Structures are given as C-alpha cells and as structure tokens.
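Chains, contacts and geometry: an overview
Residue strings, one per chain:
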Amino acid sequence: MGSLFSKKKKEESRITEQDKAILQLKQQRDKLRQYQKKIQANLDREREVAKRLLKDGKKEKAKLLLKKKRYQENMLQKTDNQIDQVEKMADDIEFASIEMKVMEGLKKGNDCLKEMHKIMSLEDVEKILDETQEAVEYQREIDDLLAGGILTDEDEEAVLAELDEITKADLPQVPDEDVSLPEVPRDRIPEAEAPKERQRELVAAS
Amino acid sequence: MAEFQWPWQYNFPPFFTIQPNKDTQAKQLEAWCLLVLSYCRHRRQYSLDVTDAQDSPLFHNKKIDRKLPLDAVYTVLEELRKKGNIEWTDPKKRNRCLIMWRTPEEWGKIIYQWVTSNGMNNTVCTTYELVNGDDTTSQEFHGMESWLLTRALQTLQLERKAELMGSEGVKFF
C-alpha cells in the first residue's frame, strides 16, 4: 500500500511549475491562433459580400464593409505579434529550464570529480609511481641475474664471430684482380667540353 | 483524397445478406468488419451514426442496389465491439458509436514516434497543437477527436512516456 502511494506521488512530481506556465502560454497561443482563423474566415467572407454589394451598386455599404475588413486585418497583425511574444516567452522558459538542468549536471559532475580526487591524492600517486619504478628496476635485476648466468662475455664474442662468418658465407664471391674497364670514347662533344675536362682532372687527382 | 478502394465483395450481391452457413457467415462478418474499419479510416471518421451509416455508401451499394439490413448492421457492429474496435456512446439505444480503426495503444505509439523524431521529449504540448496545429497536418493523427487522443495519451502515461496535464495539455518524456 505504502509503495503504491509513493509511486503515485513520484509520477505527479514529473510536471514542474515551469511546465504549467509553459502550458498556459501555449494554450494562450492556441487561442490566438483560433482567433486568427476566425478573423481570416470573416475576412474572406466579407470580401465576397463587398464584391456582391459593388455589383449591386451599393457602393457606400461596400466601402463600410471594406473599412471593417481593414480594421480586422490590423487586428490580425496585432495577434501575430502577440503570438510571437507568447511563443518567445514559452521558449525562454523552456530554455531556462534546460540551462538549469545543464547547471545541475555540471554541479553533479563537479562533486563527483571532487569526491574522486579525495580518494586519489597527489602523494599517493607519487608514491605509487615510485613504487612502480622500483619494481621495474627490481625486475630488470632479476632478468640480468638470470640471463647473466647462462652467457659470459666470451660466449657473446663467440656468438658475434659466428654470426660474421655466416654472413660472409652467404655473400657472393668478389673477384680479387683488377677489372679492366672499357675505354672512354675520345670523340669531342663541343658543348660538354668543359665539364669533361674537369672530370679528367678529377680522375688525375685521384 | 484518393478514391476509396472497395473490396471485391462489395459488388457481390450475397455479401449484403447474412449467410446461414456458419463458416461462410464468419468469413462474411470478418470481411464486413474489415470494410467498416478501412472505410472509416479512409474518411478519417472517428464515430458512426447507425442511421446515417445505413444510407451511406458503406452499407448501401447503389450500383448493385443492395443494402445491408439494419439487424445485419448491428451484427457487424457488435462483432466489431467484441474485437474492441467500437464502443457505443449510448449502449441502450445503440445509435452512435465511437470507432477505433487503430487501438489507443497504436495511436499512442504513432504520436510518441512523432514526438521523438521531432525532439519534443521533455516538452509540454497542448492537445490543440497536436491535432490541429500546423506542424502535424501531414500526420495521421491530425484532426483526431479529443476522446481518442486522450485515450492514446493515457496509454503513453501508463508507460511513463507522457503525462497528461488536465484535458488540454500533455508533457512528453
């Protein structure tokens, strides 16, 4: 029984005072819209009547009717402005309540962050990092100890030597004698003379 | 509005006489129920006056000069009532009934879909803007009668997707 009542209460609380205000404004807007519809219908009708009166030659009456029409058109414009205002107001309230929710969210987030920072003090972090560093070094020592037990420096050298040998054996044989290169052509190429001479000098110098 | 597509039975004279054979009758009633609902849906009709309906094209096919007799009309309507598609507004006289070619739950879903796709959750709406507003002219629920709208919204309220604010407003969640 108790839970049933409390549930009902909870449901009721979902509509806030702002919601009620917004509803009232929107209802007002609807009423203005309905009013506009009415005036619009009136205008259309009166236009027809005025036309008919003119046809019948009742100019004065038609003029009077058009005057009334003009007045109603002004009213229509005024209601347009009012609708605009009412809608703006409703939007403002809506937006303000959204802003309020954003604020609440930020505040909650902030509190949560603070709470977490309380648990996670700077000193603790430093201490943990230090301990981690120590542990890493300790591990390295263990690694060295274990690895050093198997291979001495001499062994390392032997390994390197063997590696060298294998690499050499795998390479193709290079002939030891000088290789005779083909002669350089002696035909003169007039434009390229200068660089050629320099090249020869370079060869001579080497 | 497009022309209503009558089912083939509509031009079949025996369709307008309740069949004595039980199996045939069941099928016939089924077809009539479907016809009534789709006809009302096409015309966006939310209530039915029995006397008016009897003379309307729904129960009276002038082309083949056949008319569903009054007692048969009641049989069909009672069948629809059993299915939950209609409700008498005057159960004693049985002259007027409300028609629901969609159940309030289905309507609720359609409205809620529209609300969600327009990002209107957490927004207050007037019932007037839902059924008569300029934003919903293309929606199926535009022009819906208020009793049905209220019921549809009540189903949403049960699911905690909406909350009615009197009879004139609703807040969606």
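Residues numbered from 1 in each chain as written. Chains lettered and ligands numbered in written order. Predicted model: local features only at pLDDT ≥ 70, side-chain atom pairs only at ≥ 80, totals over all residues. Heavy atoms only, no water.

**Here we look at the overall build of chain A**
- Helix and strand content of chain A: six helices and zero strands.
- The order of helices and strands in chain A, counted from the N terminus, is α-α-α-α-α-α.
- Buried residues in chain A amount to 14% of all 206 residues. (Helix = DSSP H or I, 4+ residues; strand = E, 2+ residues; numbered from the N terminus. Buried < 20%, exposed > 50% of the residue type's maximum accessible area, 1.4 Å probe, protein only.)

**Some details on the overall build of chain B**
- Counting secondary structure elements, chain B contains six helices and eight strands.
- Going residue by residue from the N terminus, the α and β elements of chain B occur as α-β-α-β-β-α-β-β-α-β-α-α-β-β.
- Here the contacts in chain B between residues at least 6 apart in sequence split such that 58% fall between residues at least 24 apart.
- Within the structure as shown, chain B displays about 9200 Å² of accessible surface, and the carbon and sulfur contribution to it stands at 49%. (Contact = heavy atoms within 4.5 Å. Areas by Shrake-Rupley, 256 points an atom, 1.4 Å probe, with all protein chains shown as cover.)

**Remarks on a nonpolar patch on the surface**
- The grouping of A:Phe95, A:Ile98, A:Val102 and A:Leu106 at the surface amounts to a nonpolar patch, some 410 Å² of accessible area in total.
- Exposure remark for A:Ile98: the relative accessible area of 48% places this residue in the partly exposed category. (Patch = residues over 30% accessible without salt bridge, like charges linked within 9 Å, V, L, I, M, F, W, Y side chains within 5 Å. Salt bridge = Lys/Arg side-chain N within 4 Å of Asp/Glu carboxyl O.)

**Some details on the pattern of salt bridges**
- A full pass over the atoms with the stated rule returns 22 salt bridges over all chains.
- Here B:Glu159 and B:Lys161 are joined by a salt bridge, their closest N and O atoms 2.9 Å apart.
- Residue B:Glu159 is classed as partly exposed on the basis of its relative accessible area of 44%.
- Through salt bridges with shared partners, a single ionic network connects A:Arg29, A:Asp30, A:Arg33, A:Glu87 and B:Glu129.

**Structural notes on the nonpolar core**
- By size, the foremost hydrophobic cluster in this structure holds 55 residues, and its most contacted members are B:Ile99, B:Trp107 and B:Phe172.
- Ranked by residue count, the leading element in this core is helix α1 (residues 22-42) of chain B, at nine residues.
- Residues within four places of B:Trp107 in sequence aside, it is in contact with B:Tyr46, B:Trp101, B:Arg102, B:Glu140, B:Phe141, B:Met144, B:Leu148 and B:Ala152.
- Counting residues in hydrophobic clusters, the runner-up holds eleven residues, among them A:Leu23, A:Leu25, A:Ala90 and B:Val124. (Core = buried A, V, L, I, M, F, W, Y, C linked by side-chain atoms within 4.5 Å.)

**Observations regarding the environment of B:Ile99**
Residues and elements named next belong to chain B.
- Summarising the element assignment, Ile-99 is placed in strand β5 (residues 96-99).
- Its relative accessible area of 0% is what places Ile-99 among the buried residues.
- Sequence separation between Ile-99 and Glu-87 is twelve residues; the distance between their C-alpha atoms is 6.8 Å.
- If we skip the residues at most four places from it in the chain, Ile-99 touches Val-36, Leu-37, Cys-40, Gln-45, Tyr-46, Ser-47, Leu-48, Asn-85, Ile-86 and Trp-147.

**Some points on a negative patch on the surface**
- On the surface, a cluster of negative charge is contributed by A:Glu123, A:Asp124, A:Glu126, A:Asp130, A:Glu131, A:Glu134, A:Glu137, A:Glu141, A:Asp143 and A:Asp144.
- One can find A:Glu126 in helix α4 (residues 122-148). (Lys, Arg positive; Asp, Glu negative; His and termini not counted. Charge placed at Lys NZ, Arg CZ, Asp CG, Glu CD.)

**Quick notes on the side chain of A:Glu46**
Residue and element names in this part refer to chain A.
- Note that Glu-46 resides in helix α2 (residues 17-55).
- Within the structure, the side chain of Glu-46 is placed 3.3 Å from the side chain of Lys-68, a separation counted as a polar contact.
- For Glu-46, the residues in contact, after removing those within four places along its chain, are Leu-65, Lys-68, Lys-69 and Gln-72. (Polar contact = N/O pair within 3.5 Å; in protein donor to acceptor, adjacent residues only side chain to side chain.)

**Considerations on the confidence of the model for chain B**
- For chain B, mean pLDDT is 86; residues scoring 70 or higher make up 99% of the total.
- Helix α4 (residues 104-117) of chain B holds the highest mean pLDDT among the elements of chain B, 89, whereas strand β3 (residues 66-67) of chain B holds the lowest, 83. (pLDDT = per-residue confidence, 0-100.)

**Looking at the sheet that holds strand β1 (residues 47-49) of chain B**
Residues and elements named next belong to chain B.
- The strand order β1-β5-β4 describes an open sheet built from three strands, whose pairing is antiparallel. Taken across any chain shown, the strands that pair with only one partner, and hence form the sheet edges, are β1 and β4 (86-88). When the angles between neighbouring strand axes are averaged without regard to direction, this sheet yields 25 degrees.
- Bridge count between β4 and β5: three bridges; the pairing is antiparallel. Opposite Trp-88, over in β5, you have Cys-97 as the bridge partner. (Pairing = 2+ DSSP bridges. Axes fitted to C-alpha atoms, helices over the stretch in contact; angles between N-to-C directions.)

**Points about the sheet that holds strand β6 (residues 124-126) of chain B**
Residue and element names in this part refer to chain B.
- The strand order β6-β8-β7 describes an open sheet built from three strands, whose pairing is antiparallel. Looking at the sheet topology across the chains shown, the edges are occupied by β6 and β7 (162-165). The sheet shows a mean angle of 25 degrees between the axes of neighbouring strands, direction not considered.
- Both β6 and strand β8 (residues 169-172) contribute to a ladder of three bridges, which runs antiparallel. Along β8, the bridge assignment pairs Cys-125 with Val-170.

**Observations concerning the packing of α4(B) against helix α6 (residues 146-158) of chain B**
Residue and element names in this part refer to chain B.
- At a minimum axis distance of 8 Å, the contact between α4 and α6 shows a crossing angle of 80 degrees. In this view, α4 runs roughly perpendicular relative to α6, as classed from their interaxial angle. Contact residues: Pro-104, Glu-105, Trp-107, Gly-108, Ile-111 and Tyr-112 in α4; Leu-148, Leu-149, Arg-151, Ala-152, Thr-155 and Leu-156 in α6.
- Class assignment of the residues belonging to the contact of α4 with α6 gives a composition of eight nonpolar, two polar and two charged. (Parallel < 35°, antiparallel > 145°, perpendicular 65-115°, else oblique. Nonpolar A, V, L, I, M, F, W, Y, C, P; charged D, E, K, R; others polar.)

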